[in-house]
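Next come the chains, spelled out residue by residue.
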Amino acid sequence: MNRKYVVFIVMALLLSQFVMAQGDFIAKSSSEGLYVNHKVAPKEGLYAIARIYHLHPRTIASFNKMDINQGLNLGQVIKIPLTNENFNQQSSQGTPVYYIVGEKEGLMKVSNLANKVTLARLRDWNKLSSDVVPVGKKLIIGYVANMADAAPAPAPFATSEPKQPVTPVQETKPAPAEKPFVVEEKPLPKEEPKKEEPKEAPVVVKEEPKKEEPRREQPKPTPAPAATPASEDGYFKTAFTQQTRSTPISKNETVTAGIFKTSSGWQDAKYYLLVDGVPTGTIIRITNPDNNKAVYAKVLGEMSSIRQNQGMNIRISNAAASALGVGESDKFIVSIAY
């Protein structure tokens, strides 16, 4: 039996125990979007809870306006945002999330509160024959992604429930470590030096010797001023300004990012990124929400066909990450606009 299947079964059992302890997921609406409440269990921290709900700890901390390094108290109730990363309204895969119908709320009202999920899905998920629903009825409005579908975490989350016995499996050889993700830039073609035409030999005319006059020293040429260093925002900031004049900003999103290594950008502040669905050469503004630092980067190409990019929306060059104040992190959150 493969180790991956054993891990899958254990994680599924833990998730079922967690749902039984927490009860049904009841969605609530706020000005910042839908969320569910989570009651902190023994030995639970922010990182463990983030793994359960398939979210970055920084996303939960920001939604609750708390410090990401702040400890949690037993029994404390925190809000878990329902986002595109952990909330599925396209199919019935995962754990159902309910909404309790209030007074004067029909199926259309529930649809508008639940991200305008289609009425057909609400009828199908809840086996409804009409759009009239009684007050207090629990309606399924979507599904939370199962823990087994979440990205692997550094350590398993803590739980007060007894551990389930696991059947020992045969040890397998570990897969070879993947090479670091490096994007090599193609050097620009060098201009061939112009060939100088041979100078004609000067004609020498013999003259009578003259008294030599003292030579005058030629004035030394004034050195050219040093090139002005690129802006801290990046070499492509001016190009971004020109781009927005012809094509106004229409996209402003918060995405999960990673880093690729390249030698460009450290001296000339030319920053690059990889992203799907955006034409090559487009200039994108990237902002770090933790310190509001921003850079301007050019799209080198797409990233969807590379397995190492799973779970990320974009990759930025290591020089761009350094300018944003991001450390050596596998994943982090940034905002993009273009």
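For the structure itself, consult the block above.
The rules behind the values
Residues numbered from 1 in each chain as written. Predicted model: local features only at pLDDT ≥ 70, side-chain atom pairs only at ≥ 80, totals over all residues. Heavy atoms only, no water. Pairing = 2+ DSSP bridges. Helix = DSSP H or I, 4+ residues; strand = E, 2+ residues; numbered from the N terminus. Buried < 20%, exposed > 50% of the residue type's maximum accessible area, 1.4 Å probe, protein only. Salt bridge = Lys/Arg side-chain N within 4 Å of Asp/Glu carboxyl O. Contact = heavy atoms within 4.5 Å.

Colleague: Got a minute to help me understand the sheet that holds strand E3 (residues 77–81) in this structure?
Modeller: Consider a sheet: its strands pair through backbone hydrogen bonds, and that pairing is either parallel or antiparallel. Spatially, E3-E2-E1-E5-E6-E4 is the arrangement adopted by the 6 strands of the open sheet, whose pairing is mixed. Of all the strands in the sheet, the pair left with one neighbour each is E3 and strand E4 (87–88). Sheet topology note: the E4/strand E6 (residues 138–144) ladder contains 2 bridges and is antiparallel. Bridge pairing links Phe-87 to Val-144 in E6.

Colleague: Sorry, what's going on with the pairing of E6 here?
Modeller: Remark: a regular strand shows side chains that alternate across the two faces of the sheet. In terms of burial, E6 is largely enclosed, as 6 of its 7 residues are buried. Strand direction decides the pairing type here: strand E5 (residues 95–100) and E6, joined by 6 bridges, are antiparallel. Within the sheet, the bridge partner assigned to Tyr-99 lies in E6 and is Leu-139.

Colleague: Looking at this model, I keep getting lost on the pattern of salt bridges. Mind explaining?
Modeller: In a structure, side chains of opposite charge can pair up when their charged atoms sit close to one another. Counted by the stated rule, this structure contains 4 salt bridges. A salt bridge links Lys-138 to Asp-24; its shortest N-O distance comes to 2.5 Å. Taken together, the positions of Lys-138 in strand E6 and Asp-24 in the loop between helix H1 (3–22) and strand E1 (25–30) put the pair 114 residues apart, joining distant regions of the chain. Residue classification places Asp-24 among the partly exposed positions, given a relative accessible area of 43%. Taking the shortest distance from any N to any O, the salt bridge between Arg-58 and Asp-290 comes out at 3.1 Å. Of the two residues, Arg-58 is situated in helix H3 (residues 57–63) and Asp-290 in the loop between strand E9 (283–288) and strand E10 (293–301); the sequence distance between them amounts to 232 residues.

Colleague: So what exactly am I meant to see when it comes to the environment of Asp-276 here?
Modeller: Examined against the element boundaries, Asp-276 turns out to sit in the loop between strand E8 (271–275) and E9. The spacing of Asp-276 and Met-303 is 27 residues in sequence and 6.1 Å in space, taken between C-alpha atoms. Each residue touching Asp-276, except ones within four places of it in the same chain, is listed here: Glu-302, Met-303 and Ser-304.

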